[in-house]
Amino acid sequence: MSRIEVVAPNLKFRLSGVTSTIIQLVPVQARTIGIATLGPGLPDGLPKMRWWQVPGLLRKPASGRKRIWHARRNTEMVAGLFLRSILRAPLHLLFTSAAQRKHKPFTKWLIRRMEAVIATSARSGSYLEVPHQVVMHGVDLDVFHPPASAEDDFTASGLPGRFAIGCFGRIREQKGTDLFVDAMIELLPGYPEWTAVITGRVTAENLPFAKTLKERVEAAGLSDRILFLGEVPDVKVWFRRVSLYVAPSRNEGFGLTPLEAMASRTAVVASDAGAYAEMIVPGETGAVVPAGDGARLTAVIQPYLADPKLAEAHGLNALAHVRKNFPLAREAEAIARVYDRLWLVQ
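Residues numbered from 1 in each chain as written. Predicted model: local features only at pLDDT ≥ 70, side-chain atom pairs only at ≥ 80, totals over all residues. Heavy atoms only, no water.

S.K.: When you look at the packing of helix H1 (residues 17–29) against helix H12 (residues 328–343) in this model, what are you seeing that I'm missing?
M.R.: Orientation of H1 relative to H12, taken along the N-to-C sense of each, is 75 degrees, at an axis distance of 9 Å. Considering the angle they form, H1 stands roughly perpendicular to H12. Contact residues: Thr21, Gln24, Leu25, Val28 and Gln29 in H1; Leu328, Ala329, Glu331, Ala332, Ile335 and Tyr339 in H12. Tallied by class, residues from the contact of H1 with H12 come to seven nonpolar, three polar and one charged. (Axes fitted to C-alpha atoms, helices over the stretch in contact; angles between N-to-C directions. Helix = DSSP H or I, 4+ residues; strand = E, 2+ residues; numbered from the N terminus. Parallel < 35°, antiparallel > 145°, perpendicular 65-115°, else oblique. Contact = heavy atoms within 4.5 Å. Nonpolar A, V, L, I, M, F, W, Y, C, P; charged D, E, K, R; others polar.)

Next up, the structure:
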């Protein structure tokens, strides 16, 4: 504990986009600062505090400066305030906001009590009523990378077709899975070389939704070309196997999958939910459509199916764009500058 200067709490059991951010970012941060996670549902390889070590937060680390409590959820802001205001722990409180909506009164109250605030996109920052800095998420370019072996080729999957188009993530209306399925039902009969691949978990409340989608596919006679793979052991290889990735979310916090696809040298068509529009260069790395507009989504996907070389060219551009603008190390460096400013405050 004497070496830990930043705590990244993860006070949620279920895997979420915030949890994924912590899992990817903390190992990079740990190369240069003393940082530890706190909470359930995190892999063993991360630097961690144990619950019995929490009383150690009541003392400053060996450096003599206050620790930073880097919250990303309301529960974590509440915990930080309790530690600082009630238990008098010497902490600086920092909050990262990815929300793309107006904050509720209690959330606003919490945010006003943070000493610094980060927004993960310009759009999320537009909903904040306090000074903040925009630091967009990055992607680990060692983990998400272009095809490097025969296993990364779509033919290695054993599925039909020469080219694949993918939609990954939890299967539910918010993610726009139905919009993707409808687009594929309309387009695939005209493009027999393409196969659509859908991966992701279906929670109990979304089982009827997923069942309806599969029934639509079956009624269209496309069950062998629009494939629901469920949760796959390694989704990273699928980003490399598809020629076009589609992120049709109706609403999103930030949304990392377009970056993961582009880092895999894959072109992306996405809605303007979350920070998608701030990641993609239309006409160069992919395309952006209004969230919830199924007709526009279908129209924008069609040129890629008609010309796989277009998908290939935009995939190459996407890789260069992500390498220049969205490496994970760049995110870590920007956050470190926020930490440094906090440490100037005694």
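S.K.: Even after reading the chapter, I still don't get a positive patch on the surface, so can you show me in this structure?
M.R.: Taken together, Lys324, Arg330, Arg337 and Arg341 make up a surface patch of like positive charges. In terms of residue count, H12 provides more of the positive patch than any other element does, three residues in total. Residue position: Arg337 is located in helix H12. (Patch = residues over 30% accessible without salt bridge, like charges linked within 9 Å, V, L, I, M, F, W, Y side chains within 5 Å. Areas by Shrake-Rupley, 256 points an atom, 1.4 Å probe, with all protein chains shown as cover. Salt bridge = Lys/Arg side-chain N within 4 Å of Asp/Glu carboxyl O. Lys, Arg positive; Asp, Glu negative; His and termini not counted. Charge placed at Lys NZ, Arg CZ, Asp CG, Glu CD.)

S.K.: What should I look at first to understand a nonpolar patch on the surface in this one?
M.R.: A cluster of nonpolar side chains, namely Leu58, Phe82, Ile86 and Leu87, defines an oily patch on the protein surface of about 380 Å² accessible area. Relative to the assigned elements, Ile86 resides in helix H2 (residues 74–86). Classification of Ile86 by relative accessible area gives exposed; the value is 56%. (Buried < 20%, exposed > 50% of the residue type's maximum accessible area, 1.4 Å probe, protein only.)

S.K.: How should I be thinking about the sheet that holds strand S5 (residues 116–119) in this particular structure?
M.R.: Note on sheets: strands pair through backbone hydrogen bonds, and any given pair is parallel or antiparallel. Here we have six strands laid out as an open sheet, ordered S2-S1-S3-S4-S5-S6, and parallel in their pairing. Each edge of the open sheet is held by one strand with a lone partner, namely strand S2 (35–38) and strand S6 (133–134). Here strand S1 (residues 6–9) runs beside S2; their pairing, made up of four bridges, is parallel. Paired with Val6 across the two strands is Ile35, which belongs to S2. (Pairing = 2+ DSSP bridges.)

S.K.: Any chance you could explain H12 here in plain terms?
M.R.: The α-helix winds at 3.6 residues per turn, so residues separated by three or four positions along the chain end up facing the same way. The end-to-end C-alpha distance of H12 is 23 Å, a good match for the 22 Å that 16 residues give at a rise of 1.5 Å each. Among the residues of H12, those classed as buried are Leu328, Glu331, Ala332, Ala334, Ile335, Val338, Tyr339, Leu342 and Trp343. (Expected span 1.5 Å × (residues − 1).)

S.K.: Looking at this structure, how should I read the packing of helix H5 (residues 177–187) against helix H6 (residues 207–219)?
M.R.: Think of two packed helices as two axes; the pair is described by the angle between the axes and how far apart they sit. Two numbers describe how H5 lies on H6: the axes approach to 10 Å, and their chain directions differ by 5 degrees. The angle between the axes of H5 and H6 places the two elements in the roughly parallel class. Facing Thr177, Asp178, Val181, Asp182 and Ile185 of H5, the residues of H6 in contact are Phe209, Leu213, Arg216 and Val217. Along the lines of polarity and charge, the residues of the contact of H5 with H6 split into five nonpolar, one polar and three charged.

Function-wise, these values are silent; they only describe arrangement.
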